[in-house]
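Fold and contact review
Letter by letter, the chains look like this.
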Amino acid sequence: MENTETREQSVDTDPMYDNREVVTDAEAEMEREQTADNMSENGAPETAKSAETAGTRNAGDGALSDVERQWQDKYLRLVAEFDNYRKRTLKEKMDLVASGGEDVIKSLLGVMDDIDRALVAMSQTDDIESVRKGIELIHQKLLDTLHAKGVQEIEAIGSELDTDLHEAVAKFPVEDDKKGKIIDVVQKGYKLKDKVVRYAKVVVGE
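Conventions and cut-offs
- Throughout, residues of each chain are indexed from 1 in the direction in which the sequence is written.
- The model is predicted, so local features are restricted to residues of pLDDT at least 70 and side-chain atom pairs to those at 80 or more, both for listing and for counting; the totals for chains, interfaces and linings are taken over all residues.
- The basis for the side-chain values is all heavy atoms of the structure; hydrogens and waters are excluded.
- UniProt positions are given in the numbering used here, feature names are shortened, and annotations may be inferred rather than shown by experiment.
- Helix and strand assignments follow DSSP, with helices taken as H or I runs no shorter than four residues and strands as E runs no shorter than two, numbered in order from the N terminus.
- Only protein chains enter the calculation, and the probe is 1.4 Å; a residue is then buried if its accessible area is under 20% of its type maximum, exposed if over 50%, and partly exposed in between.
- By definition, residues are in contact when any of their heavy atoms lie within 4.5 Å.
- By definition, two strands form a pair when at least two bridges between them are found by DSSP.
- Orientation is described by axes fitted as lines to C-alpha atoms, over the contacting stretch for helices, and by angles from 0 to 180 degrees between their N-to-C directions.
- To estimate how far a helix should reach, multiply one less than its number of residues by 1.5 Å.
- Note that the arc is defined by the directions from the helix axis to the C-beta atoms.
- A 3.5 Å cut-off defines polar contacts: any pair of N or O atoms within that distance qualifies, except that in protein one atom must be a possible hydrogen donor and the other a possible acceptor, and neighbouring residues in sequence count only when both atoms are side-chain atoms.
- Exposure above 30% relative accessible area and the absence of a salt bridge qualify a residue for a patch, where like charges join within 9 Å and nonpolar side chains (Val, Leu, Ile, Met, Phe, Trp, Tyr) within 5 Å.
- The method behind every accessible area is Shrake-Rupley, applied with a 1.4 Å probe, and residues are considered shielded solely by the protein chains displayed.
- By salt bridge we mean one thing: a side-chain nitrogen of Lys or Arg within 4 Å of a carboxyl oxygen of Asp or Glu.

By the naming in an unreviewed UniProt entry, the protein chain is Protein GrpE, taken from Alistipes ihumii AP11. According to its UniProt record, the protein chain has this under Subcellular location (unreviewed entry): "Cytoplasm". Recorded under Sequence similarities (unreviewed entry), the UniProt text for the protein chain is reproduced unchanged: "Belongs to the GrpE family."

Structure, rendered in structure tokens:
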């Protein structure tokens, strides 16, 4: 009877949870091994792919460097050509301005000669009428010279005030039909072709 009780007690005191823990640990170990195998199988191709991509990138970097050098050479040549063009056009512009000024001066020298002769004639005669006609001829010659160079007088008297052409220096009370219009010119204005070189100073009716 004692042996039987001893066997029963031995069976009752056997820790059954130990077997469950061993099974659990074995399953966990199998999962870790399977995961490691999967990583090994998947990792090799990824590594090879990464190496291939890196090699392609390196090869591409070399090609881009050649292209960049070509573009750099083109850029430097373009900058040099543009600098030469800028210097050339600047010189041509300066020459044009100088020659244009010289041309205008030459055209005015004839008018200057007429003024000199008129001054001599005024000192040697008392005929005021002939002196007046001489001055009128010189004035007309000067106007013709300026017109030939593209200079035109700005129309003012009787016109509406145009701030793009006129500069109002005074206002004067007038009849209703003249209000807002120019009634007098203090200083004539001139345009060189389409550009105003001097605004006309005018008196406006109000």
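**Some points on the overall build of the protein chain**
When helices and strands are tallied, the protein chain shows three helices and six strands. For the protein chain, the N- to C-terminal ordering of α and β elements is α-α-α-β-β-β-β-β-β. Counting the 206 residues in the protein chain, one finds 10% classified as buried. Put simply, of all contacts in the protein chain between residues at least 6 apart along the chain, 60% involve residues at least 24 apart.

**Quick look at the side chain of T145**
Summarising the element assignment, T145 is placed in helix α3 (residues 128-148). Judged by relative accessible area, which is 14%, T145 ranks as buried.

**Comments concerning unusual backbone geometry**
At K193, a residue that is not glycine, the phi angle is positive and equals roughly 60°. For K193, the location among the structural elements is in the loop between β4 (190-192) and β5 (195-198).

**Section: the sheet that holds strand β6 (residues 200-205)**
With mixed pairing, the three strands of this open sheet are ordered in space as β2-β6-β3. The two strands at the open ends of the sheet, each matched to only one other strand, are β2 (166-172) and β3 (182-187). Adjacent strand axes in the sheet meet at a mean angle of 30° when their direction is disregarded. Taken together, the six bridges between β2 and β6 define a ladder with parallel strand orientation. Note that in β6 the partner of A170 across the bridge is V203.

**Points about the environment of V203**
Along the chain, V203 falls in strand β6. On the accessibility criterion, V203 (12% relative accessible area) is buried. C-alpha of V203 to C-alpha of K171: the two residues are 32 residues apart in sequence and 5.5 Å apart in space. If we ignore the near neighbours within four places in the chain, the residues touching V203 are A170, K171, F172, K181, I182, I183, D184 and V186.

**With respect to α3**
The end-to-end C-alpha separation of α3 is 30 Å, in line with the 30 Å expected for 21 residues at 1.5 Å each. Every buried residue of α3 is listed here: V131, I138, L143 and T145. The buried residues of α3 occupy one face: seen down the axis, they fall within an arc of 160°. Residues of α3 that are exposed and point over 90 degrees away from its buried face: L137 and A148. One side-chain oxygen at the N-terminal end of α3 lies 3.3 Å from the backbone nitrogen of E129; it belongs to D127. Just past α3, the residue G150 takes up positive phi, approximately 90°.

**Here we look at a nonpolar patch on the surface**
A cluster of nonpolar residues, M112, I115, L119, M122 and I135, forms a patch on the protein surface that exposes about 450 Å² of accessible area. With four residues, helix α2 (residues 17-124) is the single largest residue contributor to the nonpolar patch. By secondary structure assignment, the location of I115 is in helix α2. Judged by relative accessible area, which is 33%, I115 ranks as partly exposed.

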